[in-house]
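# Structural overview
Chain by chain, the residues run as shown.
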2 protein chains.
Amino acid sequence: MATIREVAERAGVSTMTVSRVINNSGYTSRAARARVEAVIAEMGYVPNALARSLRFKQTKTLALVLSDITNPFFTTIARGVEDVANRHGFNVIFGNTDESEEKQAEYLNVLVQKQVDGVLLVPALSTEGPVAFLRSRGVPVVVLDRRVPECSTDGVRGDSVQGGYELTKLLLGLGHRRIAILSGPPEVSTAADRVAGYRRALAEAGLNCDPVLILHGLLRQAGGYQMTQQALALTPRPTALFAANNFIAIGAYRALRDARLHVPDDLAMVAFDDLPPALILEPFLTVAAQPAYEMGQCATEMLLARLAGKGPDARQEVVLPVEIIIRCSSGNPLTGE
Amino acid sequence: MATIREVAERAGVSTMTVSRVINNSGYTSRAARARVEAVIAEMGYVPNALARSLRFKQTKTLALVLSDITNPFFTTIARGVEDVANRHGFNVIFGNTDESEEKQAEYLNVLVQKQVDGVLLVPALSTEGPVAFLRSRGVPVVVLDRRVPECSTDGVRGDSVQGGYELTKLLLGLGHRRIAILSGPPEVSTAADRVAGYRRALAEAGLNCDPVLILHGLLRQAGGYQMTQQALALTPRPTALFAANNFIAIGAYRALRDARLHVPDDLAMVAFDDLPPALILEPFLTVAAQPAYEMGQCATEMLLARLAGKGPDARQEVVLPVEIIIRCSSGNPLTGE
DNA sequence: CTGTTAGCGCGTTCAG
DNA sequence: CTGAACGCGCTAACAG
């Protein structure tokens, strides 16, 4: 609550001297410094970063806007972001959009007003609006996890096409021919890309792709549950399920259980996104694991480099490989076909 | 990047008129307003919240300082915090302390400098230092999840004593007499309180409490793993394990599996903190579940009430009940004893 | 080594 | 209905 002026008065010097003491800038006599330091300690003075930011046009604050911090994939990203930011003396404001473009727009607007130095954005939909908005306001952005079309930005994401491809190929290798993919909204690039990978694997195997096997729903448990019910209603019934993210996988598993179907005996299952080892008792799902923590780190480092003017001129896109982890849920090779 | 002055010039009015338009305050002629609004849209002007905050001494920003956002218990709290904050027009800066008091002190210092309006704190240790610091700087605090001693603050937490008591009583009811509790550092109040509940249940059952059964370690998987190894080395070996948090539980489970012991047949197990249903395939652990989301909500509402000067004069402590959820890991009643 | 002046962007006060 | 002047807390530039 105390201001620099009060400290100055109390110490019998000018505000400038106090400022120099605080920032170790310029010259200060030993005596003056000691007196000022004493007064600072005594009054519990803390410099006002707002005023400083107003002058320097630097808040040392980043923003992380994502769909839902509750999803361990994003939690892990957040941790990577915060670690790097903190190491560089930055703080992080976070916000959940729940995939809503309105909520996203509101956040971005406020964050720009608050003069955050940069934004890490998991865009709700694959539209270029939000990025364009930030750019026009001079706020550097790094797009995380998802692509935005027609808009070259710095970006970091996992290789959804590759993951979708490999997961599908794995199932094909086990003999599955009717694989349903439970994906997210087609407007979300990761959902689309995973479907693209799935298609590619099918095509490469010379199979044609039955469009009824491609389902779109919410990237949440409820979505997985619903899509699974739809998939089970198909004839012939799929022999394998590909869940496009971790929440969908859980929902799908629930739906299967409720239908008294056993994984992997009755149906095989694979999913995108692994759960952190600290959260699983018995690893069960075969997954394409994205390096979430590294994604957060990498994106933040890119952003900070931009801020420091150290980045390359051209926009940079980093696509990190995903790792296929084979566990129980994909089952053994199909027999009798 | 555009300033209010630039807008004013371009619109041929004074900055004050622009200000009035932005804030819908005072009177403005229809014509002036229209022109100003046009210029604002045209230039993409966004008011600078820093300058505004400097005047109003209000940043509309809260801070959430916790040990590790990666722990789903804290993630869920964070979501509750952010939801309420956002609904009231506040943003949230978060920071991970990893239970380190130095990291915590650094965060608090910076956050005070940044003039956050209030802090939600999960204190690293049960010391009054951090709270006193914030108070002396005039920053309202609500302490989350843990107690701080000798220091009346607003606080919200789950009832660790009750949870510890009921979980222990449950095991006793199943016939267990040698129950090892794998707890956190004794300086963390939740760790201490859960042990207190454990003790109370034992005492009430007329059993005396073998001190070797009370283990302290890190509130992480590694801690759970180590403590379990220690517990298994005891003679006679405990017949049940009480993990003081979710991470410890996972570590314990791993250690048991590595020792080729089966839960609940060889050893029963209960734990504090449930995992969100969206993350579990097969619910297995018997737990004391804390209402994490509500804790975050409640704490934030209390903080905002304080900021609005609406809170009660006296400091308020909310202790939320925990819910015992009985699943497989606690097993059936012991036989043959 | 130290103090004065000026201004970061905004909004309130008080005259027009 | 509108504008000029001042100050929020801080520091760079420039005297002294």
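### Considering the overall build of chain A
In terms of helices and strands, chain A carries twelve helices and twelve strands. Taking 2.2 N^0.38 as the reference for a compact globule, 337 residues should give roughly 20 Å; the C-alpha atoms of chain A span a radius of gyration of 26 Å, well beyond that estimate. Taken across its 337 residues, chain A has 56% of its residues classed as buried. Considering only intrachain contacts with a sequence separation of at least 6, the fraction spanning at least 24 residues in chain A is 70%. By element, 52% of the accessible surface of chain A is carried by carbon and sulfur atoms, the whole surface being about 14200 Å². A distance of 7 Å separates the average location of the 34 positive side-chain charges in chain A from that of its 35 negative side-chain charges.

### Points about the side chain of Gln113(A)
Here Gln113(A) is to be found in helix 6 (residues 101-113). Given a relative accessible area of 17%, Gln113(A) falls into the buried group. With near-sequence residues (within four places) excluded, Gln113(A) lies in contact with Val46(B), Pro47(B), Asn48(B), Ala49(B), Leu50(B) and Arg52(B).

### What to know about the interface of chain B and chain A
Between chain B and chain A, the residue contacts involve 56 residues of the former and 56 residues of the latter. Summing the contributions of chain B and of chain A, the shared interface buries around 5300 Å²; its carbon and sulfur component is 58%. Contact with chain A buries surface across chain B, with Leu50(B), Arg79(B) and Leu281(B) losing the most and accounting together for 14% of the total. Among the salt bridges present, the one from Asp98(A) reaches Arg79(B), with a minimum N-O distance of 2.7 Å. Those elements that place two or more of their residues in the side of chain B that touches chain A are helix 4 (49-56), helix 5 (72-87), strand 2 (91-96), helix 6 (101-113) and helix 11 (246-258) of chain B. Tallied by class, the residues present in the side of chain B that touches chain A amount to 28 nonpolar, 16 polar and twelve charged. Here three bridges tie strand 2 (residues 91-96) of chain A to strand 2 of chain B, and the two strands are oriented antiparallel to one another.

### What to know about the relation of the copies chain B and chain A
Structural alignment of chain B on chain A gives an RMSD of 0.1 Å, achieved by rotating through 180° and translating 0.0 Å along the axis. Taken together, these values place the two copies in the relation of a two-fold axis. Judged by C-alpha distance, Ile93(B) is the residue of chain B that lies nearest the rotation axis, at 2.1 Å.

### Focus: the domain arrangement of chain A
Residue and element names in this part refer to chain A. Taken domain by domain, chain A holds domain 1 (4-47), domain 2 (57-159 + 291-320) and domain 3 (160-290 + 324-330). The straight-line distance from the C-alpha centre of domain 2 to that of domain 3 is 28 Å. Between domain 2 and domain 3, the residue contacts involve 18 residues of the former and 22 residues of the latter. Counting each side, the surface lost to burial between domain 2 and domain 3 is near 1400 Å², with a carbon and sulfur contribution of 47%. For the pair domain 2 and domain 3, the number of links is two salt bridges. If you look at where domain 2 meets domain 3, you find twelve residue pairs in polar contact (both at pLDDT 80 or more). Every element with two or more residues in the side of domain 2 that touches domain 3 is listed here: helix 5 (72-87) and helix 12 (292-307).

### A look at the sheet that holds strand 12 (residues 323-325) of chain B
Residues and elements named next belong to chain B. Taken in spatial order, the six strands of this open sheet run 7-6-8-9-10-12, and their pairing is mixed. The sheet is open, and its two borders are formed by strand 7 (214-216) and strand 12, each paired with just one other strand. With direction set aside, neighbouring strand axes in the sheet form an average angle of 15°. Judged from the three bridges that link them, strand 10 (residues 286-289) and strand 12 form a sheet pairing that is antiparallel. Looking across to strand 12, one finds that alanine 288 is bridged to isoleucine 324. On top of the sheet, helix 10 (residues 221-233) reaches strand 6 (179-183), strand 7 and strand 8 (240-243); it is set at about 155° to strand 6, its chief contact.

### Quick look at the pairing of strand 6 (residues 179-183) of chain A
All names here are of chain A. Most of strand 6 sits out of view: five of its five residues are buried. Here four bridges tie strand 6 to strand 8 (residues 240-243), and the two strands are oriented parallel to one another. From the neighbouring strand, alanine 180 faces strand 8, where its bridge partner is leucine 241. As paired elements, strand 6 and strand 7 (residues 214-216) share three bridges and run parallel to each other. Residue pairing for strand 7: serine 183 is matched across the bridge by histidine 216.

### Considerations on the protein's contact with DNA strand D
Around DNA strand D lies a shell of 26 residues, among which Ile4(A), Tyr45(A), Arg52(A), Thr17(B) and Ser29(B) are the nearest. Each atom of DNA strand D within 4 Å of the protein belongs either to a base or to sugar and phosphate, the latter forming 66%. For DNA strand D, a phosphate oxygen lies 2.9 Å from a polar atom in the side chain of Ser19(A). One of the backbone nitrogen or oxygen atoms of Ala51(A) is found 3.3 Å away from a base nitrogen of DNA strand D. The set of elements that each furnish at least two residues to the surface near DNA strand D consists of helix 1 (4-11), helix 2 (15-23) and helix 4 (49-56) of chain A together with helix 2 (15-23) and helix 4 of chain B. The class makeup of the residues in the surface near DNA strand D is eleven nonpolar, nine polar and six charged.

### Considering the environment of Pro236(A)
Locating Pro236(A) in the fold gives a position in the loop between helix 10 (221-233) and strand 8. Spatially, the C-alpha atoms of Pro236(A) and Arg178(A) are 8.2 Å apart, while their sequence positions differ by 58 residues.

### What about the protein's contact with DNA strand C?
With respect to spatial proximity, 25 residues lie near DNA strand C, and among them Ser29(A), Ile4(B), Met16(B), Tyr45(B) and Arg52(B) are the closest. A breakdown of the atoms of DNA strand C within 4 Å of the protein gives sugar and phosphate a share of 66%. Note that a base nitrogen of DNA strand C is positioned 2.6 Å from one of the side-chain N or O atoms of Arg55(A). A distance of 2.5 Å is found between a phosphate oxygen of DNA strand C and a side-chain nitrogen or oxygen belonging to Tyr45(B). Secondary-structure elements contributing two or more residues to the surface near DNA strand C are helix 2 and helix 4 of chain A together with helix 1 (4-11), helix 2 and helix 4 of chain B. A total of four residues in the surface near DNA strand C trace back to one element, the largest contributor, which is helix 4 of chain B. Among the residues making up the surface near DNA strand C, the classes are represented as eleven nonpolar, eight polar and six charged.

Criteria and thresholds
Residues numbered from 1 in each chain as written. Chains lettered and ligands numbered in written order. Predicted model: local features only at pLDDT ≥ 70, side-chain atom pairs only at ≥ 80, totals over all residues. Heavy atoms only, no water. Helix = DSSP H or I, 4+ residues; strand = E, 2+ residues; numbered from the N terminus. Rg over C-alpha atoms; globule rule 2.2 N^0.38 Å. Buried < 20%, exposed > 50% of the residue type's maximum accessible area, 1.4 Å probe, protein only. Contact = heavy atoms within 4.5 Å. Areas by Shrake-Rupley, 256 points an atom, 1.4 Å probe, with all protein chains shown as cover. Lys, Arg positive; Asp, Glu negative; His and termini not counted. Charge placed at Lys NZ, Arg CZ, Asp CG, Glu CD. Buried area = accessible area lost by both parts, 1.4 Å probe. Salt bridge = Lys/Arg side-chain N within 4 Å of Asp/Glu carboxyl O. Nonpolar A, V, L, I, M, F, W, Y, C, P; charged D, E, K, R; others polar. Pairing = 2+ DSSP bridges. Least-squares fit on C-alpha atoms with pLDDT ≥ 70 in both. Domains from an automatic or database assignment. Polar contact = N/O pair within 3.5 Å; in protein donor to acceptor, adjacent residues only side chain to side chain. Axes fitted to C-alpha atoms, helices over the stretch in contact; angles between N-to-C directions. Near = heavy atom within 4 Å.

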